[in-house]
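# A look at the structure
The residues making up each chain are set out below.
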Amino acid sequence: MTKYLIDSNSLISPYRTFYQFDLVPSFWKWFKEAFDESIYLVDKVRDELCHVKGDGDKDDLQLWIESHCLEKDKIIHPNRDTGALSEYANILNYIHTSPLYKQKSFDEWATFEKADPWLIAIAKAHDYTIVTMEERNRNLNPSNPTSKEPRIPDVCDALGVKCINLYDLMHEKKCVI
């Protein structure tokens, strides 16, 4: 069975736009079932989604995540995983040495709290498929390297990691709304 790692934007975008809780509750019911079956959260993604600590002003998405998606066996802690740590170093080295990216791109991903390289590292080390709403940068070119933040699908393509969008996941997991 395919195991998936979800990027925070694959939950934030539906929550804010097309699958709001009150408009399409069936999406969230489906997501919870799919999550229980084969979707995992990296601790850094959890932290992006659950950024308000204590009794602060949490949005409905954070409250939903806290009540539906924080089981211990569903949260991955990559800093305890030598395979993921090794892949993390490889990913940062790829960004740093690739002719497609400038130093500013590397700097965007070189902070320990940044979830994106950790998603890719875990997926590469343990054969997960990443689910993200990010789109590929069609203008990547070694003649004109970008200073923008690397995009998950581009780095996945370069490193042989499977990466799909939310709609692909919905097809694969037979979501019917």
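Preceding block: the structure.
My aim in this report is to walk through the structure given alongside it, one point at a time.

The rules behind the values
Residues numbered from 1 in each chain as written. Predicted model: local features only at pLDDT ≥ 70, side-chain atom pairs only at ≥ 80, totals over all residues. Heavy atoms only, no water. Helix = DSSP H or I, 4+ residues; strand = E, 2+ residues; numbered from the N terminus. Contact = heavy atoms within 4.5 Å. Core = buried A, V, L, I, M, F, W, Y, C linked by side-chain atoms within 4.5 Å. Buried < 20%, exposed > 50% of the residue type's maximum accessible area, 1.4 Å probe, protein only. Polar contact = N/O pair within 3.5 Å; in protein donor to acceptor, adjacent residues only side chain to side chain. Salt bridge = Lys/Arg side-chain N within 4 Å of Asp/Glu carboxyl O.

### Considerations on the side chain of Ser38
Within the fold, Ser38 resides in helix H2 (residues 25–38). Setting aside its immediate chain neighbours within four residues, Ser38 contacts Met1, Thr2, Lys3, Tyr4, Lys74 and Lys173.

### Considerations on the nonpolar core
If you look at the biggest cluster of nonpolar residues, it comprises 56 residues, and the most contacted ones within it are Leu5, Phe27, Phe31, Ile120, Ile130 and Leu169. With seven residues, helix H7 (residues 115–126) is the largest single contributor of residues to this core. Once residues within four sequence positions are removed from consideration, Ile130 is found in contact with Leu5, Leu119, Ile120, Ala123, Ile152, Cys156, Val161, Lys162, Cys163 and Ile164.

### Side note on the side chain of Lys58
Tracing the chain through its elements places Lys58 in the loop between helix H3 (43–49) and helix H4 (60–68). Among the polar contacts listed, one links the side chain of Lys58 to the backbone oxygen of Gly54, at a separation of 3.1 Å. There is a polar contact of 3.1 Å between the side chain of Lys58 and the side chain of Glu66. Ignoring sequence-local partners within four residues, the contact set of Lys58 consists of Val52, Leu63 and Glu66.

### A short note on the pattern of salt bridges
Counting across every chain of the model gives ten salt bridges. Note that Lys32 is salt-bridged to Glu71, the shortest N-O span being 3.2 Å. Taken together, the positions of Lys32 in helix H2 and Glu71 in the loop between H4 and strand S3 (75–76) put the pair 39 residues apart, joining distant regions of the chain. Look at the salt bridges and you will find they share partners, linking Lys32, Asp36 and Glu71 into a network.

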